[in-house]
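Single-letter residue listing:
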Amino acid sequence: MAGIYIHIPFCKQACHYCNFHFSTSLRYRTELMAALVKEIELQKNYCDGEIIDTIYFGGGTPSLCTTEELQSILEAIQNNFNVASNTEITCEVNPDDITETTLISWKTIGINRLSIGIQSFFDDDLQWMNRAHSSQQATESLNLATNYFDNISADLIYGTPLLTNEKWEENVNRMMELNIPHLSCYALTVEPKTPLQKMILENKKENVDPEKQATQFLLLMKWLEKAGFEHYEISNFAKPGYRSRHNTSYWQQKKYLGVGPAAHSFNGKERQWNISNNTIYIDSINNGQLSFQKEVLTEVQKLNEYIMTSLRTIEGLNFEKLDTKNKMELLKRSKKYIETGKLIMQNNHFVLTANGKLFADGIAADLFFTEKS
Ligand SMILES: C[S@@+](CC[C@H](N)C(=O)[O-])C[C@H]1O[C@@H](n2cnc3c(N)ncnc32)[C@H](O)[C@@H]1O
Ligand code: SF4
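Residues numbered from 1 in each chain as written. Chains lettered and ligands numbered in written order. Predicted model: local features only at pLDDT ≥ 70, side-chain atom pairs only at ≥ 80, totals over all residues.

(A) The arrangement of the site of ligand 1 in detail. In the vicinity of ligand 1 lie 15 residues, with Tyr17, Gly117, Asp155, Tyr186 and Thr189 positioned nearest. The set of elements that each furnish at least two residues to the shell around ligand 1 consists of strand E4 (113-119) and strand E5 (152-158). Taken together, the residues of the shell around ligand 1 sort by class into 6 nonpolar, 6 polar and 3 charged. (Near = placed C-beta within 6 Å. Helix = DSSP H or I, 4+ residues; strand = E, 2+ residues; numbered from the N terminus. Nonpolar A, V, L, I, M, F, W, Y, C, P; charged D, E, K, R; others polar.)

Okay, structure coming up:
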């Protein structure tokens, strides 16, 4: 089984924290959508004929596309790949694009899972982030979406300067009231070259407070566990049966093709990433060429990727996947994390505790192997 990710590199307005690849000019949208179809044709052998069982429209803002544009992509995938009948088809959508009409048309073309970027139900937070939607639109869009879709995920951002613990609880409670079965919750990261970073450096915006982020993450885990959610990946929580199959396959090192500018692909041996420039992308595809860079993964890189991703998941790191020498080495280096209650050994798996999850990336990096070790 393999997956396909399609990157839609357009947004209505630039959120101040975001450094994903997108353009707020829609000038080349038609050309870009046609190029996506061509890339799918050019890459039809990428997943070695494996059955495709997840498709994910991400961005950017896929909900800016017309239904016909999204449908042309799905048709190209159907025509060039072996697609399972129960394929999970997710579309990232922004609240301000949700209407009864768009919901019906997304459903009609086969989209069966929505990922909605809510971020907060408070206008002051949304304005601080420069989101294009209001708190009223956040609530109304989710309400409307639940009339048409059962499999819904919503994104929230915490650890922002204006978000008190009380507001954070209100945001999470609102999701519970609306019965949203999947939440992706991200600590605000100040990414390089974003307007947010610039404003913080110029003292025009308050910086993030790591202690507040840690507190809000611990509170989140407590509230969602009580509400019956599985914390199945560090940023992802799902009611039983509602985990994202597409994202789970990334964490299980399955093959996926990424289509569109800046999209990444993995075929089990190599990672490649398309050029992050819409016009160069369009021109090269129109010349029958793909513009990308690639990296062949060494055994050590594959092992380190496994350490990084598995530690972030509920299943943890399967010790049995390591050879004897690596097991001994990892046992030695993980001792301090076990002794300080950050890591536990459970049925031959290393699993992070709630406290350990606060340091997930740092612990994983510390356990990495080097080419010589
Ligand atoms: C790249 S967006 C694409 C989806 C859609 N355009 C939207 O804004 O909802 C995916 C999610 O990444 C999260 N995100 C992006 N940049 C982030 C940052 N710097 N810190 C925390 N979360 C971020 C947001 O929660 C957002 O919903
Ligand atoms: S968070 Fe979403 S809507 Fe905002 S700029 Fe990034 S991709 Fe676009």
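(B) Region of interest: the domain arrangement of the chain. Assigned domains within the chain: domain 1 (2-250) and domain 2 (300-367). If you look at the interface, domain 1 gives 9 residues, while domain 2 gives 7 residues. For the side of domain 1 that touches domain 2, the secondary-structure elements that each account for two or more residues are helix H8 (210-226) and strand E7 (230-233). Grouping the amino acids of the side of domain 1 that touches domain 2 by side-chain chemistry returns 6 nonpolar, 1 polar and 2 charged. (Domains from an automatic or database assignment. Contact = placed C-beta atoms within 7 Å.)

(C) Just the site of ligand 2, in detail. The full set of residues close to ligand 2 is Cys11, Ala14, Cys15, Cys18, Phe20, Phe22, Gly59, Gly60, Thr61, Asn94 and Gly117. Of the residues in the shell around ligand 2, the class split is 6 nonpolar, 5 polar and no charged.

(D) Representation of unusual backbone geometry in the model. Between Gly59 and the following residue, Gly60, the backbone shows a cis peptide bond with an omega angle of 15°. Secondary-structure assignment places Gly60 in the loop between strand E2 (52-59) and helix H2 (67-80). Positive phi is not limited to glycine here, since Gln119 has a value of about 70°. Positionally, Gln119 belongs in strand E4. For Gln119, a count of 25 C-beta atoms within 10 Å corresponds to the buried category. A positive phi angle, close to 65°, is found at Asn348, a residue other than glycine. A count of 12 C-beta atoms within 10 Å places Asn348 in the exposed class. (Buried ≥ 20, exposed ≤ 12 C-beta atoms within 10 Å, placed from the backbone.)

(E) The arrangement of the pairing of E5 in detail. Within E5, 6 of the 7 residues are buried, which leaves it mostly tucked inside the rest of the structure. As paired elements, E5 and strand E6 (residues 182-187) share 6 bridges and run parallel to each other. From the neighbouring strand, Ile157 faces E6, where its bridge partner is Tyr186. Running through helix H6 (residues 165-177), the crossover from E5 to the neighbouring parallel element E6 is right-handed. (Pairing = 2+ DSSP bridges. Right-handed = clockwise from strand over helix to strand, strands pointing away.)

(F) How the structure looks around the packing of helix H1 (residues 29-42) against H2. Taken N-terminus to C-terminus, the directions of H1 and H2 make an angle of 10°; their axes are 9 Å apart at the nearest point. Put simply, H1 runs roughly parallel to H2. Residues Met33, Leu36, Val37, Ile40 and Glu41 of H1 pack against Glu69, Ser72, Ile73, Ala76, Ile77 and Asn80 of H2. Broken down by class, the residue content of the contact of H1 with H2 amounts to 7 nonpolar, 2 polar and 2 charged. (Axes fitted to C-alpha atoms, helices over the stretch in contact; angles between N-to-C directions. Parallel < 35°, antiparallel > 145°, perpendicular 65-115°, else oblique.)

(G) Fine view of helix H12 (residues 324-339). With 16 residues, H12 ought to run about 22 Å at 1.5 Å a step, and its terminal C-alpha atoms sit 22 Å apart, in line with that. Of all the bends in H12, the greatest, near 40°, is centred on Arg333. Looking one or two residues beyond H12, the residue adopting positive phi is Gly341, at roughly 75°. (Expected span 1.5 Å × (residues − 1). Bend = angle between axes of the 7 residues up to and from the residue.)

(H) How the structure looks around the nonpolar core. Of all hydrophobic cores here, the largest spans 68 residues; its most connected members are Ile4, Ile6, Leu36, Ile77, Ile116, Ala154 and Val259. Among residues more than four places away in sequence, those in contact with Ile77 are Ile4, Ile40, Ile52, Ile55 and Val83. Of all hydrophobic cores here, the second largest spans 10 residues; its members include Leu317, Tyr337, Phe350 and Ala364. (Core = buried A, V, L, I, M, F, W, Y, C linked by C-beta atoms within 7 Å.)

(I) Fine view of the environment of Ala227. Within the secondary structure, Ala227 sits in the loop between H8 and E7. For the pair Ala227 and Asp123, spaced 104 residues apart in the sequence, the C-alpha separation amounts to 26 Å.

(J) How the structure looks around the environment of Ile200. Turning to its location among the elements, Ile200 is positioned in helix H7 (residues 195-201). Assessed through the 17 C-beta atoms surrounding it within 10 Å, Ile200 is described here as partly exposed. Considered as a pair, Ile200 and Ala238 are 38 residues apart in the sequence and their alpha carbons are 34 Å apart. Excluding residues within four positions of it along the chain, Ile200 makes contact with Val190, Lys205 and Asn207.

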